[in-house]
Amino acid sequence: MPDPYAASRAAGAQIEALYGRPVTGLAADAVPGSMRYALLNSFDALQYADRAVAFHTEQLHRLTHPDRTIESVDVGHISDATRRLAHAVTVRDSHAQVLGDVLNSLARVPDTESPAPASQAAAVTPAMPPVASDGPARSR
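Residues numbered from 1 in each chain as written. Predicted model: local features only at pLDDT ≥ 70, side-chain atom pairs only at ≥ 80, totals over all residues. Heavy atoms only, no water.

Enquirer: Provide a residue-level description of the overall build of the protein, including the pertinent values.
Expert: From N to C terminus, the protein includes five helices and zero strands. Overall, the protein shows an N-to-C arrangement of helices and strands of α-α-α-α-α. Taken over 140 residues, the protein has a buried fraction of 22%. Contacts in the protein between residues far apart in sequence, at least 24 positions, make up 63% of those at least 6 positions apart. Carbon together with sulfur atoms contributes 58% to the accessible area of the protein, which is approximately 10400 Å² in total. (Helix = DSSP H or I, 4+ residues; strand = E, 2+ residues; numbered from the N terminus. Buried < 20%, exposed > 50% of the residue type's maximum accessible area, 1.4 Å probe, protein only. Contact = heavy atoms within 4.5 Å. Areas by Shrake-Rupley, 256 points an atom, 1.4 Å probe, with all protein chains shown as cover.)

Enquirer: Which residues make up the environment of Ala27, and what values do they have?
Expert: For Ala27, the location among the structural elements is in the loop between helix H2 (23-26) and helix H3 (35-63). Counting along the chain gives twelve residues from Ala27 to Leu39, while the straight-line C-alpha distance between them is 10.0 Å.

Enquirer: Pulling in residues and values, what's your account of helix H4 (residues 72-105)?
Expert: For H4, with 34 residues, the first-to-last C-alpha span of 51 Å sits near the 50 Å given by 1.5 Å per residue. Within the span of H4, buried status applies to Asp74, Ile78, Ala81, Leu85, Ala88, Arg92, Leu99, Gly100 and Leu103. Buried-residue contacts for H4 involve helix H1 (6-19) and H3. (Expected span 1.5 Å × (residues − 1).)

Enquirer: Go over the confidence of the model for the protein with me, naming the residues and quoting the values.
Expert: Residues with a pLDDT of 70 or more make up 76% of the protein, whose mean pLDDT is 80. In this model residues 118-140 is a low-confidence stretch, pLDDT under 50, and it forms zero contacts with partners more than four residues away in sequence or in other chains. (pLDDT = per-residue confidence, 0-100.)

Enquirer: How would you sum up the pattern of salt bridges? Please name residues and give values.
Expert: When the charged atoms of two side chains with opposite charge come close together, those side chains can pair. Per the stated rule, a full pass over the model turns up seven salt bridges. Here Asp74 makes a salt bridge to Arg68, at a shortest N to O gap of 3.3 Å. Under the relative-accessibility criterion, Asp74 is labelled buried at 8%. When salt bridges that share partners are traced, they join Arg21, Asp29 and Arg36 into one network. (Salt bridge = Lys/Arg side-chain N within 4 Å of Asp/Glu carboxyl O.)

Enquirer: Kindly report on the side chain of Asp50, identifying the contributing residues and their values.
Expert: Along the chain, Asp50 falls in helix H3. Arg92 is the oppositely charged side chain nearest to the buried, salt-bridge-free Asp50, at an N-O distance of 4.0 Å. Of the polar contacts made by the side chain of Asp50, one reaches the side chain of Ser8; its length is 2.6 Å. In this structure Asp50 touches Pro4, Tyr5, Ala6, Ala7, Ser8 and Arg92, once residues within four positions along its chain are discounted. (Lys, Arg positive; Asp, Glu negative; His and termini not counted. Polar contact = N/O pair within 3.5 Å; in protein donor to acceptor, adjacent residues only side chain to side chain.)

In structure tokens:
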């Protein structure tokens, strides 16, 4: 049986490599609105989705165990367990895809304690000024 937690383990390893610390220690100083906070929330959602896949897989295995006699009343439960498992897999795969894409777009930044080389400081371009808005921001 494949590891139902493979997606969250891989993402956790990537987050740890990115920040150079264990995931469990990163949440303590994560500021709401920061990239770290968003990554950790996304990671939590992926872990929850992995647990849901494992739970619904076990539920379906229990309902369809070879030693168990399946009666007509069980057909609805098996169908429901199958639907829930399919939904959990879809949610897990969506979370894994988005979190994986975000993590793949990020790179580890060197320590901020050491000054940046002069060649890097000259290459930094100033931030663009804010664009004037015609009205209130639209929500999605």
